[in-house]
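Summary of structural features
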Amino acid sequence: SSGINAEYGGSIKVWDYESGDFERTLKGHTDAVNDISFDASGKTLASCSSDLTIRLWDFVGFECMKTLHGHDHTVSSVQFVPTGDFIISASRDKSIKVWEVSTGYCTKTLVGHREWVRVATISPDGKLIASGSNDHTIRIWDIATKDCKLELREHDHVVECVAWAPEGCTPHINEAITTENPKAAKSPGPFLVSGSRDKTIKVFDITTGSCVISLIGHDNWVRQAIFHPSGKFIVSCADDKTLRVWDFKNRRCTKTIAAHEHFVTCLDFHKNAPYVITGSVDQLCKIWECR
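Structural notes, computed from the coordinates.

Cut-offs and rules
- Residues numbered from 1 in each chain as written.
- Predicted model: local features only at pLDDT ≥ 70, side-chain atom pairs only at ≥ 80, totals over all residues.
- Heavy atoms only, no water.
- Buried < 20%, exposed > 50% of the residue type's maximum accessible area, 1.4 Å probe, protein only.
- Helix = DSSP H or I, 4+ residues; strand = E, 2+ residues; numbered from the N terminus.
- Arc of directions from axis to C-beta.
- Contact = heavy atoms within 4.5 Å.
- Pairing = 2+ DSSP bridges.
- Axes fitted to C-alpha atoms, helices over the stretch in contact; angles between N-to-C directions.
- Salt bridge = Lys/Arg side-chain N within 4 Å of Asp/Glu carboxyl O.
- Polar contact = N/O pair within 3.5 Å; in protein donor to acceptor, adjacent residues only side chain to side chain.

1. Notes on helix H1 (residues 170–180)
Listing the buried residues of H1 in full gives Thr170, Ile173, Asn174, Ala176 and Ile177. Within H1, the buried residues cover an arc of 155 degrees as seen down the axis, which keeps them to one side. On its buried face, H1 sits against strand S17 (191–196), strand S18 (200–205), strand S19 (210–216) and strand S20 (222–227).

In structure tokens form, the structure reads like this:
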């Protein structure tokens, strides 16, 4: 029942989300912690920082097991692959790296973005990486060959976030596509959602490389957008201080919550309980019940 958040001071805080009690601090980074990611077991945590490093933490003994060096600038995102034996990272040095967890070695470097890579995320099958950058593009990479398969140029500003659609979303996205274009053929996907400083959220069909849904409503930079586990909604947060729920089939925002007193910079779903957690520049984490 732990909640966890990263801090600008370089520490990671662990909380009991049910009671709200603070439990412990993980110290090691020497600059802002920008992202954190658990492996599937929940026993290993990866963190990345503006100190140019990635750290792997034993989340049972709460000790740092490894520090990974290789990026030349701020590391902005980190994520375990589904099998848990590798992690991927994105950096302001314009690269994406793949790291072997057991050795801590960098096994691959993906280069192609022209500016800071804000985020890199692995597809559910572990075969593709999607990345978003200050160069306004999203790139899709084949993790085995390191080839860039697609470059998506629909956004007009920095791409802050990208997230793959779970398989359960596919029929709902196809329904949304045919609602607008009844003659459109059904696509097997995969699909990807992105959010940008252009204030829009977009859904892409990676098979065709086309933008199939655009959602407009946020009044400031979109910081995070993810699919609801039901597959029928997208939930987003932004620098307009709101948390929003989107019925993407009908291209409309169904709920707007004034979530924080300052920019809302991140959100995530609890893996098996009906909760959303948000983090903000107001230095609060909030847990919201989905109803």
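Now that the structure is up, let's keep going.
2. Some thoughts on the sheet that holds strand S26 (residues 285–289)
Here we have three strands laid out as an open sheet, ordered S24-S25-S26, and antiparallel in their pairing. Two strands close off the open sheet at either side, each with one partner strand: strand S24 (264–269) and S26. Strand-to-strand twist across the sheet, computed as the mean angle between neighbouring axes with direction ignored, equals 20 degrees. Where strand S25 (residues 275–280) and S26 come together, five bridges link them in antiparallel fashion. Each residue of the ladder has a partner; that of Tyr275, found in S26, is Glu289.

3. Remarks on the pattern of salt bridges
Using the criterion set out here, one finds eleven salt bridges in the structure. Between Arg197 and Glu160 there is a salt bridge, with its nearest N and O atoms 2.7 Å apart. With a gap of 37 residues between them, Arg197 in the loop between S17 and S18 and Glu160 in strand S16 (residues 159–164) connect regions that are remote in the sequence. The exposure class of Arg197 is buried, given its relative accessible area of 14%. What makes Glu160 buried here is its relative accessible area of 11%. A salt bridge links Arg251 to Glu180; the nearest nitrogen and oxygen atoms lie 3.5 Å apart. Taken together, the residues Arg251 in the loop between strand S22 (242–247) and strand S23 (252–258) and Glu180 in helix H1 connect sequence positions 71 residues apart. By sharing partners, the salt bridges in this structure join Arg114, Arg139, Glu151 and Arg153 into a single network.

4. Here's the deal with the side chain of Asp247
Counting through the fold element by element, Asp247 comes out in strand S22. A polar contact is formed between the side chain of Asp247 and the backbone nitrogen of Lys249, at a distance of 3.3 Å. The contact partners of Asp247, leaving out residues within four places of it in the chain, are Lys232, Phe233, Arg252 and Thr254.

5. Side note on the sheet that holds S23
In spatial order, the strands read S20-S21-S22-S23; together these four strands make up an open sheet with antiparallel pairing. Two strands close off the open sheet at either side, each with one partner strand: S20 and S23. Within the sheet, the average angular offset between the axes of one strand and its neighbour, ignoring direction, is 20 degrees. In this structure, S22 lies alongside S23, joined through six bridges in antiparallel fashion. Across the sheet, the residue bridging to Val245 is Lys255, located in S23.

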